[in-house]
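Breakdown of the fold
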Amino acid sequence: MMRMDTSSPAVFVNAEILKMYLGRRVRAVIQVMRNDAGVIVGQSTDGNQITVKGAQAFPPAHFVEVIGIADGSQSIRAEICTDFGESFDMTAYNGLCQLANGKFKNLFL
Amino acid sequence: MAAVDLTRGAIAAISEGRVKDGVKPVVQVWEVKLVNTQQSTTERYRMLLSDGAHMQQAMLATQMNGLVKLGTLQKHSIVRLDEFICNVIQNRRIIIIINLEVLVSNSNAIGEPKLYDNGSASQNRVPSPAQSTSADQPVIAAENPQNYGGIHSSTPNIVQNVTRGPSLSPATEAVTTNSSFAGYYGNGVMSSRNTNSVPSEHPKSEQGVGRISESHPNSGYQNQRLSSPASVGAFRPPASSYGHPVQPAYQQPPPMYTNRGPIAKNEAPARIIPIAALNPYQGRWTIKARVTTKGELRRYSNPRGEGKVFSFDLLDSDGGEIRVTCFNMVADQFYDQIEVGKVYLISKGSLKPARKSFNHLNNEYEIFLESQSVIQPCSEEDNTIPRQQFNFRPVNEVEGLENNSMVDVIGIVVSINPSASITRKNGTETNKQTLQLKDMSGRSVEVTFWGNFCSTEGQQLQRMCDSGVYPVLAIKAGRVSDFSGKSIGTIGSSQLFINPDFPEAHRLKDWYNREGKNMSALSISRDTTTMSRNDVVRKTLSQIKDEGLGRSEKPDWITVKATITFVKVDNFCYTACPLMVGDRPCNKKVNNNGDGTWHCDRCDQSFPECDYRYLLQFQIQDHTGMTWVTAFQEGGEEILGVTAKELYLLKYQEQDDLKFAEIIRRVLFHQHLFKLKVKEETFSDEQRVKSTIVKAEKVNPSSESRYLLGLIEKLLTEDPIVVSGMQTFASTSGMSTVAYGMVESNNSVHSVTNNFGINNSQLGKHENEYGGNSRHVFSRNEVQAFCSSCGSTSHTFHNCPRVNVRDKVLPHQHMEVVVHQEDTTGNMSSLLLYQLLCLVAHQCRPIRNVGYSGLMMLSAHMTVYKAHLDIHSTS
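Chain B is annotated in an unreviewed UniProt entry as Replication protein A subunit from Musa troglodytarum. Listed under Function (unreviewed entry) in UniProt, the entry text for chain B is "Component of the replication protein A complex (RPA) required for DNA recombination, repair and replication. The activity of RPA is mediated by single-stranded DNA binding and protein interactions. Probably involved in repair of double-strand DNA breaks (DSBs) induced by genotoxic stresses." Its UniProt record gives chain B the following Subcellular location (unreviewed entry) comment, quoted word for word: "Nucleus".

Under the annotation held in an unreviewed UniProt entry, chain A carries the name Replication factor A protein 3 and is attributed to Musa troglodytarum. UniProt, in its Subcellular location (unreviewed entry) section for chain A, records the words "Nucleus". In the Sequence similarities (unreviewed entry) part of its UniProt record, chain A is described as follows: "Belongs to the replication factor A protein 3 family."

As structure tokens, then:
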């Protein structure tokens, strides 16, 4: 198995936590609300809005995981986008975000 | 001053009941005195009436009060009695004046009247004829029914002479039914319904009444009994020893009083009384109150027919509460008018004893509205009337409450379980959800939501708890049950308030944030091991042995999350009898007759075809241990996905071993949620604890994630030690034995040990089908801390002798978690999420990166992810 690159781990974020990691590599799951040219506007797992730049279009209402650099308090410059399909447990993911940035931060970063 | 003559001998005549119909004697008011009945705000005037020669006590009907107040009727006024009755109370006569006309307001005293003596009454009486008349003829009552409000004879001998019993009753029955009397006297008996119960409603009747009643034990004297108490009630002002204020109100004109003319209704303006003062003997009343709860319009049918009913509860400014109920037409009339939270003026309802089994308000009575009842909305807000009344008890006091008593509580929701659907004894399904409520007493109690509460408040609370908020919950009218210690459950009329804006709620929240969070609360509801089978009791496999499950009289029903590691393929099914015994198939093992037919011993029959039923034995493992379990038909089918018959035929007829093996293999290493029945059984002198699978479910990543989140939260908030322990581990160990001392919550205790090392290397090799190494989260044991690496209670993980295992760490161990899912329900990513959470909960190792490699094949029906979790030791 090829070793993965773990030099800059992506932080699990939602819209709230995104703000704390500006300039860093983050990953977030959003639900696609609409697609504009090269930009996806979606809802984060905590209900707030996140904009994803440099991403291809995804079907609306799908859940998409975005890994990229946080370049704004509400936006991510996408590197990798993965379509998670039409059903996804946002609450659970949000819980994960809280834990991964809270008490268990040391496990993830 | 016009000279008005007083009717000569009027007093005597009235007292003796000799006043003929239509005669309206003129008398002089010798005295007017205001009396206040106890506990009542109504005023009554007592008077002395004189005919110049004699005087007699009298009471003025309240509708005439105005005359006195205005001064029209005063001392020495001359009046004409238009309508009156003479009654005997405690051997004294009292004239009740229902209607009079003041002929002369100001006058001089006329004559020197003497109080009309009872004794002399009997003497004055033309003895025999009158008596015999009264004795012989029931007619007396018939002729002058109105004169005698009751039996006048005050002296016992007279009474005895009169055979009132049989003769009187039919007469009186005919003349003035009890109802009209009662109605006449008003006495709070609002409608004819209650009349016959009047005697019984005066439990504290004065001796006078008692005496009279006693001397006429015969039920024939019902009339007397009726009127006497009534009159006593009416004319016994402050000395009233009734618990309730007695308000004679001359409301309904008795239909029989035709000779008196219509009695004016009392149209005095409404006087608002407190709800606490309401009673069936109350005359006119009006209450002003706010609707605190409104029930639904329910239809019912009973032997008497069909109907509809609805109820609502009222609360007034004094804190008094009462329930109001309307039936049928009345229900239709008022249902739309009543709104919760609004204030209304209500009057002309009838009061009856409250039905305690349904009505849990603090009032012995209930109001029943009729078509003539009046409900008037109050347009302006009345801030003196609270919106809701609570009587909160601290949780530690709930422990002392009686089973089935009602209670109001307020507390912090510290944990909540997902709602589950359970089947009631009668077969209907309903939802049930439990949570733990903690308050400042330091104790916590289990609260159960039933039915709709699960989908409304239950869900809301679940969401709040999942996201780490611990809300305040206030419950009004919860029922205490002695199920598993003491617990509280909702009933139809319970009300729930989440984070209400009460001072108690704020206090509670402050307390919780300051100290409550970290305080471990002792639950007054017993541990889950005694919970009913319908609750999800999560255990780990090692707990089956550790806790001695299944050893008591009744089997233990638990749920475990475990992975199938081995399936015994020999004898995976048996031949079963397909015949029906009652409504269920016999299913007993049948014997082969040798000729192709089968024989059942129980049914004692032979038949050509038998059923094939699963009797699967397999081994399941979780992170704590392993055990053998047996699955029967339903469980087997669920797990394997094929029926026993199919499998049997596949193996023995078609002999397709390859396919058979494939089916079996498919099942291995899949994680399931098993509901187990654990029971100790005796096998030829040996006691063995056997576990049977009642239900096998695939793990739903989404709900399991939530469950884990809940557990993680609980873990974190209840025991700070854990957190530091975790951190210590994370920093020192590579190998992931994580174990903590634990503090109990109501859930099961999971210990965390780790087979990681072993599995890791193996895992590396197997890329397929490993469903993931799940590691469980734990909750904590309040009482016992034990080392979760070895289960012993003598030490914690810090001192565990097994600790040295930790040092055998291989750096850069990879754990490969392959998420392989074939079904179309999606949630692949949820599965991944779930895995992550497991790892978090375990704190096994830092998770530096989560990536997706391999192919992602998206097809209409299948998505396969491979997720690699790269784990490095922190050093």
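**Quick word on the overall build of chain B**
Assigned secondary structure in chain B consists of 22 helices and 38 strands. Considering only residue pairs separated by 6 or more positions, chain B has 67% of its internal contacts joining residues 24 or more positions apart. For chain B, the computed accessible surface area is about 39300 Å², with 50% contributed by carbon and sulfur atoms.

**Looking at unusual backbone geometry**
Residue and element names in this part refer to chain B. In the Ramachandran plot, Asn 499 falls in the positive-phi region, its phi being about 45° despite a non-glycine side chain. Structurally, Asn 499 can be placed in the loop between strand 19 (495-498) and helix 14 (503-514). We note that Ser 684 has phi near 40°; this positive angle belongs to a residue other than glycine. Topologically, Ser 684 is positioned in the loop between strand 32 (671-683) and strand 33 (686-698). Its relative accessible area of 70% is what places Ser 684 among the exposed residues.

**Section: the sheet that holds strand 28 (residues 605-607) of chain B**
Residue and element names in this part refer to chain B. The sheet built from three strands is open, its strands ordered 26-27-28 with antiparallel pairing. A strand with exactly one partner marks an edge of an open sheet, and here the two such strands are strand 26 (591-592) and strand 28. Pairing of strand 27 (residues 598-600) with strand 28 involves three bridges; the strand directions are antiparallel. Bridging across to strand 28, His 599 finds its partner in Ser 606.

**Things to note about the environment of Asn 404 of chain B**
All names here are of chain B. By the element assignment, Asn 404 lies in the loop between helix 12 (395-398) and strand 13 (406-416). What makes Asn 404 partly exposed here is its relative accessible area of 47%. Sequence-distant contacts of Asn 404, defined by excluding residues within four places in its chain, comprise Arg 479 and Val 480.

**Quick word on the pairing of strand 2 (residues 25-36) of chain A**
Residues and elements named next belong to chain A. The sheet contact formed by strand 1 (residues 11-12) and strand 2 spans two bridges and is parallel. Bridge pairing in strand 2 links Val 11 to Val 26. Alignment of strand 2 against strand 5 (residues 63-72), held across seven bridges, turns out to be antiparallel. Across the sheet, Ala 28 pairs through a bridge with Val 66, a residue of strand 5. Across six bridges, strand 2 lies against strand 3 (residues 39-44) in antiparallel orientation. Residue pairing across strands places Gln 31 opposite Gln 43, the latter belonging to strand 3.

Parameters at a glance
- Residues numbered from 1 in each chain as written.
- Chains lettered and ligands numbered in written order.
- Predicted model: local features only at pLDDT ≥ 70, side-chain atom pairs only at ≥ 80, totals over all residues.
- Heavy atoms only, no water.
- UniProt positions renumbered as here; feature names shortened; annotations may be inferred.
- Helix = DSSP H or I, 4+ residues; strand = E, 2+ residues; numbered from the N terminus.
- Contact = heavy atoms within 4.5 Å.
- Areas by Shrake-Rupley, 256 points an atom, 1.4 Å probe, with all protein chains shown as cover.
- Buried < 20%, exposed > 50% of the residue type's maximum accessible area, 1.4 Å probe, protein only.
- Pairing = 2+ DSSP bridges.

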